[in-house]
Amino acid sequence: MAKVSIVQRNLKRQNLFKKNEKKREELKSIRNDKTKTLEERFEAQISLSNLPRNSSKTRIRNRCLLSGRGRGVYNKFKLSRIWFRKLASECKLPGVKKSSWS
């Protein structure tokens, strides 16, 4: 199990990202628009850098829903490899079956 504080920090980052997502996208589009003046683009870049760092998507870590593990997480199921194998062996994941070569 991951520390509760680490999981909570990641949840805080997710909430900040959702809160500032539209504003961040608008500022990025202004910054990358070549038809805007250099001053407008510079102002957009300054505003973008003034947003909280934790509101960026790259700061969010994929974590297992059950254990909070940050490594070896399958995006489709949002489970770590350990819990995925355990639940798949118990037939608790619909549509998942063990592969066999014989």
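Each value, and the rule that gives it
- Residues numbered from 1 in each chain as written.
- Predicted model: local features only at pLDDT ≥ 70, side-chain atom pairs only at ≥ 80, totals over all residues.
- Heavy atoms only, no water.
- Domains from an automatic or database assignment.
- Contact = heavy atoms within 4.5 Å.
- Buried area = accessible area lost by both parts, 1.4 Å probe.
- Patch = residues over 30% accessible without salt bridge, like charges linked within 9 Å, V, L, I, M, F, W, Y side chains within 5 Å.
- Areas by Shrake-Rupley, 256 points an atom, 1.4 Å probe, with all protein chains shown as cover.
- Salt bridge = Lys/Arg side-chain N within 4 Å of Asp/Glu carboxyl O.
- Lys, Arg positive; Asp, Glu negative; His and termini not counted.
- Charge placed at Lys NZ, Arg CZ, Asp CG, Glu CD.
- Helix = DSSP H or I, 4+ residues; strand = E, 2+ residues; numbered from the N terminus.
- Core = buried A, V, L, I, M, F, W, Y, C linked by side-chain atoms within 4.5 Å.
- Buried < 20%, exposed > 50% of the residue type's maximum accessible area, 1.4 Å probe, protein only.

Asker: What am I meant to see in the domain arrangement of the protein chain here?
Answerer: Domains assigned within the protein chain are domain 1 (1-61) and domain 2 (64-95). Taking only C-alpha atoms into account, the centre of domain 1 sits 29 Å from that of domain 2. Facing 4 residues of domain 1, the contacting portion of domain 2 comprises 6 residues. When the two sides are added together, the surface that domain 1 and domain 2 hide from each other amounts to roughly 320 Å², 50% of it contributed by carbon and sulfur.

Asker: What should I look at first to understand a positive patch on the surface in this one?
Answerer: A grouping of Arg-61, Arg-69, Arg-71 and Arg-81 is seen on the molecular surface, where their side chains present a positively charged patch. Note on placement: Arg-69 falls in the loop between α2 (38-50) and β1 (73-74).

Asker: What should I look at first to understand the nonpolar core in this one?
Answerer: The nonpolar side chains of a soluble globular protein tend to be buried with one another. Within the largest apolar cluster, 5 residues are counted, these being Cys-64, Leu-79, Phe-84, Leu-87 and Leu-93. The contact partners of Leu-93, leaving out residues within four places of it in the chain, are Leu-79, Phe-84, Leu-87 and Ala-88.

Asker: Where do I start with the environment of Lys-22 in this structure?
Answerer: The topology assignment puts Lys-22 in helix α1 (residues 4-32). Put simply, Lys-22 and Ser-80 are 58 residues apart on the chain and 30 Å apart in space, counted from C-alpha to C-alpha.

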